[in-house]
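Report on the structure
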Amino acid sequence: MVRKLLIVAVLALVSACSSGGGDALPAGPDLMKKAAEAMKGVKSASFSIATEGKPKVPVKKADGRLTAAGDADGTITIDVLGSLQEISFALIGDTVHFKGPTGGFQKMTRQQLAQFYDPSVILEPSKGIAQLLSSATDPKVEALEGDSYRVATTFPGQVLGQIVPGVTQGVNGKVWLDKASSRLTKASLPLQDGTVTVSFSDYDAPVTITPPAAG
C-alpha cells in the first residue's frame, strides 16, 4: 500500500513538473492571423531565397532588399534552359536596371521582369507574404525555437507561386514567426526533388534604392 502511494505521488510530481515547464504554445490559426497582419505593416526588409537539391523552380538563389513601395535591388540566379545566370538588378518604379555576367546594365520594364520574377510582390499585402500567411491552412505550432515559433502548415500553390515562381501545387511547409513581432523570419518549402528556403531580416531598416552608375 505504501509502495502504491509512493508511485502515485511520484507520477503526480512528474506530471506537475512537465505541465508547469515553459509557456503554452499559441494556437496556430491565431498566430498565423497575427503574423499576416504584422507583415502588412512592413516598410522594408532584406530577403534571401536558397535551394537545396534540384527543385523544379527557375529561381535558384536570390538576395536583396525590398521596400513596401515596390522598389528592390539585389541579385537573382535563374535557370535559363539549363544554364544558371546570375543577374544584378535595381527595380525603381516601372524601370528595371539589370546586368548579366558580362556587359553593363540594361533596362527593361517591370512588366517584362514579371514574366520571370518580380521580387517586389513579396511585400505586397494582396499577393505577397501577408496573403500567403493568411491563406495557409491547418497551421500547427510545433515549438519555440530561439526567438521564433516553428509552425507547420499548408500553403496554396496559386499564392506561393507568386513568391516562388514555378510552384503550382499546394506545399506542406514550415514557417518561423518571431515571438515578439509575429513577423516571418524563415519559410522552408519542400518541393519535388528539393527544398526552397526563404528568409527575411532587417525589417524596417532605412532602404533607398538608386539606379546603378552608368558603365
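Shown above is the structure to which this text applies.
Let me begin by describing the structure that accompanies this report. Remember, predicted model here, so these are calculated numbers, not experimental data.

Looking now at the side chain of S46. On the secondary structure map, S46 appears in strand β1 (residues 44-53). S46 sits in the buried class, given a relative accessible area of 16%. Reaching out from S46, the side chain makes a polar contact with the side chain of D202 at a distance of 3.3 Å. Once residues lying within four places of it in the same chain are set aside, the contact partners of S46 are G64, R65, S199, F200, S201 and D202.

A separate point is the sheet that holds strand β11 (residues 194-201). Note on sheets: strands pair through backbone hydrogen bonds, and any given pair is parallel or antiparallel. Reading across from one edge, β6-β5-β4-β3-β2-β1-β11-β10-β9-β8-β7 is the order of the eleven strands in this open sheet, with antiparallel pairing throughout. In this open sheet, the two strands that pair with only one neighbour each are β6 (106-109) and β7 (137-145). Averaged over neighbouring strand pairs, the angle between their axes works out to 20° when direction is ignored. Looking at chain direction, β7 and strand β8 (residues 148-155) are connected through six bridges and run antiparallel. Looking across to β8, one finds that K140 is bridged to A152. Relative to the sheet, helix α2 (residues 28-40) contacts β7, β8, β9 (171-178) and β10 (184-191), its axis offset from that of β7 by approximately 85°.

Let us look at empty space enclosed by the protein. Per the stated rule, a full pass over the model turns up one cavity of 30 Å³ or more. Approximately 60 Å³ is the volume attributed to the largest cavity. I129, L132, F155, L160, I163, V164, L184, A187, L189, V198 and F200 are the residues that line the largest cavity. Of all the secondary-structure elements, those providing two or more residues to the lining of the largest cavity are α4 (129-135), α5 (157-163), β10 and β11. Broken down by element, the lining of the largest cavity gets its largest block of residues, three residues, from β10. Residue classes in the lining of the largest cavity are distributed as eleven nonpolar, no polar and no charged.

What counts and how
- Residues numbered from 1 in each chain as written.
- Predicted model: local features only at pLDDT ≥ 70, side-chain atom pairs only at ≥ 80, totals over all residues.
- Heavy atoms only, no water.
- Helix = DSSP H or I, 4+ residues; strand = E, 2+ residues; numbered from the N terminus.
- Buried < 20%, exposed > 50% of the residue type's maximum accessible area, 1.4 Å probe, protein only.
- Polar contact = N/O pair within 3.5 Å; in protein donor to acceptor, adjacent residues only side chain to side chain.
- Contact = heavy atoms within 4.5 Å.
- Pairing = 2+ DSSP bridges.
- Axes fitted to C-alpha atoms, helices over the stretch in contact; angles between N-to-C directions.
- 1 Å grid on protein atoms, 1.4 Å probe; cavity = no way out; pocket = protein on both sides within 12 Å on 5 of 7 lines; lining within 4 Å.
- Points joined across faces, edges and corners; volume = space filled by probe spheres on them.
- Nonpolar A, V, L, I, M, F, W, Y, C, P; charged D, E, K, R; others polar.

Shape descriptors only; they carry no functional weight alone.
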